[in-house]
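Listed below are the residues making up each chain.
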Amino acid sequence: GRLYWFGSLDPTPARREKVRLTRDAALRLAPDAPETRLAVGAYAYTCDNDWARALAEFQVAARALPNDAQVHYFIGIAQRRLGRLDENLAAFARAIELNPRDGLCPPEQLLTLLALRRYAEVQKLGERYRALFLKSSYIHLHLAVARLEREGDREAFFHGLEAWPIEPGDPGELQWPYAIAIARGDFPAAQRALADPRLPGISPGGGVISEPVALHRAIVAFLSGDKEGARALADEAIAAYKAGAWSRRQESWVLTGTALAHALAGRPDEALRHAREGLALEASRDAFLRHYQQERVWRIYAVLDRRDEAF
C-alpha cells in the first residue's frame with residue numbers, strides 16, 4: 001500500500017490490484033482478526049483514500065489491540081487527513097509511548113506540530129528524537145524548519161539542509177541539491193542539479209506526485225529572467241501532465257502543477273482556472289494536504305505578479 005501511496009514509488013493500477021488481492025486473502029483466512037481489520041483500513045487509506053472508513057477499521061482493530069503502537073499510528077494518520085489534529089497528536093503520542101524506538105511516528109508527530117506552528121515543541125521533541133534516530137532525514141529537516149521559524153537565521157538553515165543525512169537510495173537524494181540551490185537563489189546550481197539524467201522527477205510536499213523535471217526547469221528559467229525558455233519548458237511540463245496516468249490522490253496536484261506551468265508561460269486565465277479547481281478538489285478530499293496546495297496557489301499568484309492576492 002505504501003508503494004502505491006507515494007508518487008515517486010509505484011502508484012499504478014497494477015500495484016493497487018496487488019494490495020487488493022492481499023487484503024482479500026486476509027479477509028478469507030481470518031475475517032474477524034484485528035490484524036485483518038488493520039489491513040482493511042490500510043487499503044481504504046492508501047488505495048481508496050477513504051479516511052473515515054480507514055479510521056473506523058483502525059478503531060475496531062484498536063479494541064482488540066489496545067497496546068499496539070502501529071494501530072495507534074494508523075489512527076493518527078487517518079485523523080490528520082480528516083483535519084482532526086488534536087486527536088491526531090494524541091494518537092501519535094500514544095504510539096510513541098508504546099514503542100519509543102520505532103522511527104516511523106516521531107517525524108509525523110513533528111510534521112503535525114509544524115503545521116500548527118508549534119515550533120518550540122518541534123525543537124524540544126526534535127532534539128530528543130534526533131538523538132534516537134540519527135539517520136532520520138525528516139526529523140533533521142523538521143528541526144531545521146522550526147529553528148528557522150523561531151530564530152530567522154537563514155544561513156544556519158542552509159547549512160543544516162546541506163548536512164541533511166540522506167541515505168543512498170533515498171528517493172529525495174537526487175532532488176535535494178536542487179532544493180537547496182533554489183532556496184538559496186543559486187539558479188546556475190539549480191540548473192546543474194536538474195540536468196542530472198538520473199533525476200526522474202521532483203516530489204513536492206507530502207510525496208504525492210513525481211512532477212516533471214521540465215516544470216522545475218521552467219521555474220529556474222523564469223526566476224533567471226529567461227521568459228522564452230520558461231514558456232517552452234512550461235509547455236513541455238503541461239504535455240507531460242496530459243500524457244500521465246494519475247491516481248485519484250494525484251489529481252489535484254496535476255491541476256495545480258498545470259496551473260503553475262501556465263503561469264510560468266504567461267497565461268493567467270488558464271493558470272487561475274486550474275489553480276482554483278485544484279485547491280477546491282484538495283480541500284474536498286484531504287483536510288491536511290490542503291495547506292500544501294494553498295502554498296502552491298500563492299506561488300502561482302506571485303508568478304503572475306498578483307501580490308495582494310498572493311498574500
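Description of the structure in this document. The shown structure was predicted, so the numbers you read here are calculated from the model rather than taken from an experiment. (Residues numbered from 1 in each chain as written. Predicted model: local features only at pLDDT ≥ 70, side-chain atom pairs only at ≥ 80, totals over all residues. Heavy atoms only, no water.)

## Topic: unusual backbone geometry
You will see that Asn 49, though not glycine, has its phi angle at about 55 degrees, which is positive. Mapped onto the secondary structure, Asn 49 falls in the loop between α3 (34-46) and α4 (51-64). The class for Asn 49 is buried, based on a relative accessible area of 10%. Backbone geometry places Arg 117, a non-glycine residue, at a positive phi of 60 degrees. As for its placement among the helices and strands, Arg 117 is situated in the loop between α7 (105-115) and α8 (119-132). (Helix = DSSP H or I, 4+ residues; strand = E, 2+ residues; numbered from the N terminus. Buried < 20%, exposed > 50% of the residue type's maximum accessible area, 1.4 Å probe, protein only.)

## As for helix α17 (residues 290-303)
Between its first and last C-alpha, α17 extends 20 Å over 14 residues, near the 20 Å set by a 1.5 Å rise per residue. For α17, the full list of buried residues reads Tyr 292, Gln 293, Arg 296, Val 297, Ile 300 and Tyr 301. On its buried face, α17 sits against α7, α15 (251-264), α16 (268-285) and α18 (307-310). Looking one or two residues beyond α17, the residue adopting positive phi is Asp 305, at roughly 60 degrees. (Expected span 1.5 Å × (residues − 1). Contact = heavy atoms within 4.5 Å.)

## Some remarks on helix α12 (residues 187-194)
All buried positions along α12 are accounted for by Ala 189, Ala 190, Ala 193 and Leu 194. Summarising the axial view, the buried residues of α12 lie within an arc of 135 degrees, below the 170-degree limit, and thus occupy one face. The residue sitting at the N-terminus of α12 and contributing the capping side-chain oxygen is Asp 186; that oxygen lies 3.2 Å from the backbone nitrogen of Ala 189. (Arc of directions from axis to C-beta. Polar contact = N/O pair within 3.5 Å; in protein donor to acceptor, adjacent residues only side chain to side chain.)

## Focus on the pattern of salt bridges
Applying the stated criterion to the full structure yields 25 salt bridges. Residues Arg 94 and Glu 97 are paired through a salt bridge, measuring 2.9 Å at the closest nitrogen-oxygen approach. Pair noted here: Arg 94 and Glu 97 are both in helix α6 (residues 85-98), with a separation of three residues, about one helical turn. A relative accessible area of 56% means that Glu 97 is categorised as exposed. With a closest N to O distance of 2.8 Å, Asp 196 and Arg 198 form a salt bridge. Salt bridges here are not isolated pairs; linked through shared partners, they connect Glu 17, Arg 20, Arg 23 and Asp 24. (Salt bridge = Lys/Arg side-chain N within 4 Å of Asp/Glu carboxyl O.)

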